[in-house]
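# An overview of the molecular structure
Here are the chains, one letter per residue:
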Amino acid sequence: MFVLGTAGHIDHGKSVLVKALTGIDPDRLQEEKERGMTIDLGFAWFRLPGGEEVGIVDVPGHERFIKNMLAGVGGIDLALLIVAANEGVMPQTREHLAILDLLGIEKGIVAVTKKDLVDEEWLELVTLDIEEAVNATSLSGAPIVAVSALTGEGLPDLVAAIDELLGSTPLRKDTGRPRLPIDRIFTIAGAGTVVTGTLMDSSLSTGREVEIVPQGLKSRIRGLQTHKTRVDTAGPGNRVAVNLVGIATTQIKRGDVLTTPGWLVPTNMVSVRLRLLPHLRRPLAHNTTVSFHTGAAETMARVRLLENDKLAAGETAWAQLSLKNRVALLKGDHFIIRSPNDTLGGGTIVDPHTKRLRRHRPDVIEGLNIKQEGSAEDILLSFLETRQPAELSTVLRQSDLPSEKVSPAIDSLLSDGRITVLGQGEQKLLYSAPGWAQLTNQVMSALKGYHGEHPARPGMPRADLASRLNLGKHSQPVFQKLAEDNIIAEEGAAVRLADHQVAFTPAQQNSIDSFLKSLAAHPHSPPSNLIPEADLLNLLISRKQVVKVSDGVVFSTEAYDDMVGKLTAHIKSHDKVTLAEVRDIFETSRKYAQALLEHLDEKKITRRVGDDRVLY
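Bear in mind the structure is a predicted one, so any value in this text is a computation, not a measurement.

## Thoughts on empty space enclosed by the protein
Inspection of every chain in the model, using the stated rule, returns 2 cavities of 30 Å³ or more. The computed volume of the second largest cavity comes to approximately 50 Å³. Together, 10 residues line the second largest cavity, and Trp 263, Leu 330, His 353, Arg 397 and Gln 398 are the ones closest to its centre. The residue inventory of the lining of the second largest cavity, partitioned by class, reads 6 nonpolar, 2 polar and 2 charged.

Structure (structure tokens):
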């Protein structure tokens, strides 16, 4: 199925022609019928002679409703520019034509309506005027067909021209990621909320889980219709009505996008290739506020010109648009910018998730040129500049590279040493070579500083280092790779530089020696007054030289293991042991016996039952 969109000046007969072609009145609002003009989007459909169905989006022609026109003209396969024979090319004709050109719509037909009101000589003059207006746009060379919706003259020729052009139109791409820019929202009694739009990029099916972006609302498709016919699946290029489960009409608005969950990320800053219309009376200044339109969405935006302080009429330049509200869009999507009363220009989205770029920088402009025209490797590297580490799943969703090109690009960059890859599967992490080098330097600097402040500690707590570097869930593969590269070494819960050695002052070494000597002399009753400072004690614990069972009670590891072995053997032989028996077995005091037993309870080696201990 294809979608045809009307365009043209107010009262040039768009809706009347649509009704003559389809038998359907696209003016659905009572106010439209009373005024005799289209205010909002209208929809109709008809069948070509070959059996192919064509949906029609009828847009308003009045200048006050241009934003409604923009909501409907995106995503069409064929433009039907309508010019009344008795008036010729008018202001909104030119503005609609400029919008079609900015949106890159290359297939179109000009229908010269109201043919019955003029003679052949006047019709010829109007046709020449139309050709001149059209030839400077993407619709250059479009066929021009004169018709009368009143008498039916020329309608078969118009249908034949539509059939011929659509016959050479390729089918819509299917990326597996459907997008339905919502252009109407309403309620049907007994069914609930229904949204409509022109489906792009993939199919939708009943029962499928969906998400409304940018709100992140989750729902399920209760039913689908195309042209008031129930279907189980609707493919890309169709006008689709979607009945949603559990969503109120007040929760969504025109311009939201219905899609599958988890991949489409809204944005409020985009980098664009911007082209101004040639007839503007004044240049566009840096930081000008405009209205931004893409798909069915509209929001205010501030224009950041990256190359100059002003952009003259007809010129093209790199720019960024800071959007007031988040919008769901992708690289390659077209957009329009307007002042309150005029269309200013438009272009294509080159980076939908950009950071704020510095102005007047050749390297910035070169980076944007790469994103627009570069190889898959260049685009991937450019993506990693602002989004690393990036999981493979994120690259597949957000890099704007076709999925089949991602793996070859990764392999190529990896073999050239231009990226570093950590982990496996879709959780695989990607860093650019400079990004990984920067992270490595940050790790080394953090650990070097920590070792300088705490020379007696085995290393920095792993969690502290991960938090300082904001590694989050990526800490494990990062630390593993750094260890493989012999940058760091891990000791229990601590991380140190691979070549770091704990250094003791003479006083600290003497404290350690005296403490260990006292443990050897009194293995079951170690003196507490010789326990060294916390850093030294923790080091001995991490080296498994001592075991701390409580504050003030520390055994050598050898003595501890021996005591645990003897107690376990005693309980196995006698089913239990008492505190007094422990004291007597090791010829120690109650203090040490109780500290040992409570420690073993915590370790779930023993369990207290009354005054006895049994094995856990």
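Once you've had a look at it, read on.
## Re unusual backbone geometry
Here the residue pair Val 213 and Pro 214 is connected by a cis peptide bond, since its omega of 20 degrees sits within 30 degrees of zero. Here Pro 214 shows up in the loop between strand 11 (209-213) and strand 12 (217-226). Located in the positive-phi region is His 360, a residue other than glycine, with phi close to 60 degrees. Residue class for His 360 comes out partly exposed when judged on its relative accessible area of 44%.

## Some thoughts on the pairing of strand 5 (residues 108-113)
With respect to burial, strand 5 is a largely interior element, 6 of its 6 residues being buried. Here strand 5 shows no split at all, with Gly 108, Val 110 and Val 112 on one side and Ile 109, Ala 111 and Thr 113 on the other all buried. Relative to strand 5, strand 4 (residues 78-84) runs parallel, the two being bridged by 6 bridges. From the neighbouring strand, Ala 79 faces strand 5, where its bridge partner is Gly 108. Chirality of the crossover, the property in question, places the unit of strand 4, helix 4 (residues 91-102) and strand 5 among those that are right-handed. Bridge count for strand 5 against strand 6 (residues 144-146) is 3 bridges, and the pairing is parallel. Paired with Val 110 across the two strands is Ile 144, which belongs to strand 6.

## Concerning a nonpolar patch on the surface
A grouping of Trp 122, Leu 125 and Leu 128 is seen on the molecular surface, where their side chains present a nonpolar patch of about 310 Å² in accessible area. When you line up the elements, Leu 125 lands in helix 5 (residues 120-134).

## Looking at the layout of surface pockets
By volume, the second largest pocket is sized at about 590 Å³. In terms of lining, the second largest pocket is formed by 27 residues, of which the most central are Arg 184, Phe 186, Thr 196, Lys 228 and Ala 241. Only strand 2 (42-47), strand 8 (184-188), strand 9 (192-198), strand 12 and strand 15 (239-244) provide two or more residues apiece to the lining of the second largest pocket. Considering every element that reaches the lining of the second largest pocket, the biggest residue donor is strand 15, with 5 residues.

## Some thoughts on the sheet that holds strand 29 (residues 488-491)
Taking strand neighbours across the sheet as the criterion, the 3 strands line up as 28-30-29 in an open arrangement whose pairing is antiparallel. Every interior strand has two partners, whereas the edge strands, strand 28 (460-461) and strand 29, have only one. Of the strand pairs in this sheet, strand 28 and strand 30 (residues 494-497) are connected by 2 bridges, and their pairing is antiparallel. Bridge pairing in strand 30 places Met 460 opposite Val 495. Where helix 11 (residues 433-453) meets the sheet, its contacts fall on strand 28, strand 29 and strand 30, and the angle it forms with strand 30 comes to roughly 100 degrees.

## Concerning the confidence of the model for the chain
In the predicted model, the chain carries a mean pLDDT of 87, and 94% of its residues have values of at least 70. Confidence drops under a pLDDT of 50 for residues 28-40, and excluding neighbours within four residues, the segment shows 31 contacts in the predicted structure. Note that residues 61-65 has pLDDT below 50 and, in this model, 16 contacts with residues that lie over four places away or in other chains.

## Here's the deal with the nonpolar core
Ranked by internal contacts, the top residues of the largest apolar core, which has 51 residues, are Leu 274, Phe 292, Leu 321 and Ile 337. In this structure, Phe 292 is in contact with Ala 297, Glu 298, Thr 299, Ala 301, Leu 321, Leu 323, Leu 329, Phe 335, Ile 336, Ile 337 and Ile 349, ignoring residues within four places of it in sequence. Grouped together as the second largest cluster of nonpolar side chains are 24 residues, Ala 44, Phe 46, Ala 161 and Ile 162 included.

## A few points about a negative patch on the surface
Taken together, the side chains of Asp 119, Glu 120, Glu 121 and Glu 124 present a region of like negative charge at the surface. Within the secondary structure, Glu 124 is located in helix 5. Residue Glu 124 is classed as exposed on the basis of its relative accessible area of 54%.

## Focus: the sheet that holds strand 23 (residues 334-338)
One closed barrel accounts for 6 strands, arranged 17-22-20-19-23-24; its pairing is antiparallel. Neighbour-to-neighbour, the strand axes of this sheet turn through a mean angle of 40 degrees, independent of strand direction. One ladder, built from 3 bridges, connects strand 19 (residues 289-294) with strand 23; its direction is antiparallel. Bridge pairing links His 293 to Ile 336 in strand 23. The strands that helix 4 touches are strand 17 (267-276), strand 23 and strand 24 (343-351); relative to strand 24, the one it contacts most, it runs at about 10 degrees.

## What about the environment of Gly 167?
Position of Gly 167 among the secondary structure elements: in helix 6 (residues 155-167). Judged by relative accessible area, Gly 167 falls into the exposed class, the value being 65%. Through-space distance from the C-alpha of Gly 167 to that of Glu 52 is 9.4 Å; in sequence the pair is 115 residues apart.

Thresholds, definitions, all that
- Residues numbered from 1 in each chain as written.
- Predicted model: local features only at pLDDT ≥ 70, side-chain atom pairs only at ≥ 80, totals over all residues.
- Heavy atoms only, no water.
- 1 Å grid on protein atoms, 1.4 Å probe; cavity = no way out; pocket = protein on both sides within 12 Å on 5 of 7 lines; lining within 4 Å.
- Points joined across faces, edges and corners; volume = space filled by probe spheres on them.
- Nonpolar A, V, L, I, M, F, W, Y, C, P; charged D, E, K, R; others polar.
- Helix = DSSP H or I, 4+ residues; strand = E, 2+ residues; numbered from the N terminus.
- Buried < 20%, exposed > 50% of the residue type's maximum accessible area, 1.4 Å probe, protein only.
- Pairing = 2+ DSSP bridges.
- Right-handed = clockwise from strand over helix to strand, strands pointing away.
- Patch = residues over 30% accessible without salt bridge, like charges linked within 9 Å, V, L, I, M, F, W, Y side chains within 5 Å.
- Areas by Shrake-Rupley, 256 points an atom, 1.4 Å probe, with all protein chains shown as cover.
- Salt bridge = Lys/Arg side-chain N within 4 Å of Asp/Glu carboxyl O.
- Contact = heavy atoms within 4.5 Å.
- Axes fitted to C-alpha atoms, helices over the stretch in contact; angles between N-to-C directions.
- pLDDT = per-residue confidence, 0-100.
- Core = buried A, V, L, I, M, F, W, Y, C linked by side-chain atoms within 4.5 Å.
- Lys, Arg positive; Asp, Glu negative; His and termini not counted.
- Charge placed at Lys NZ, Arg CZ, Asp CG, Glu CD.

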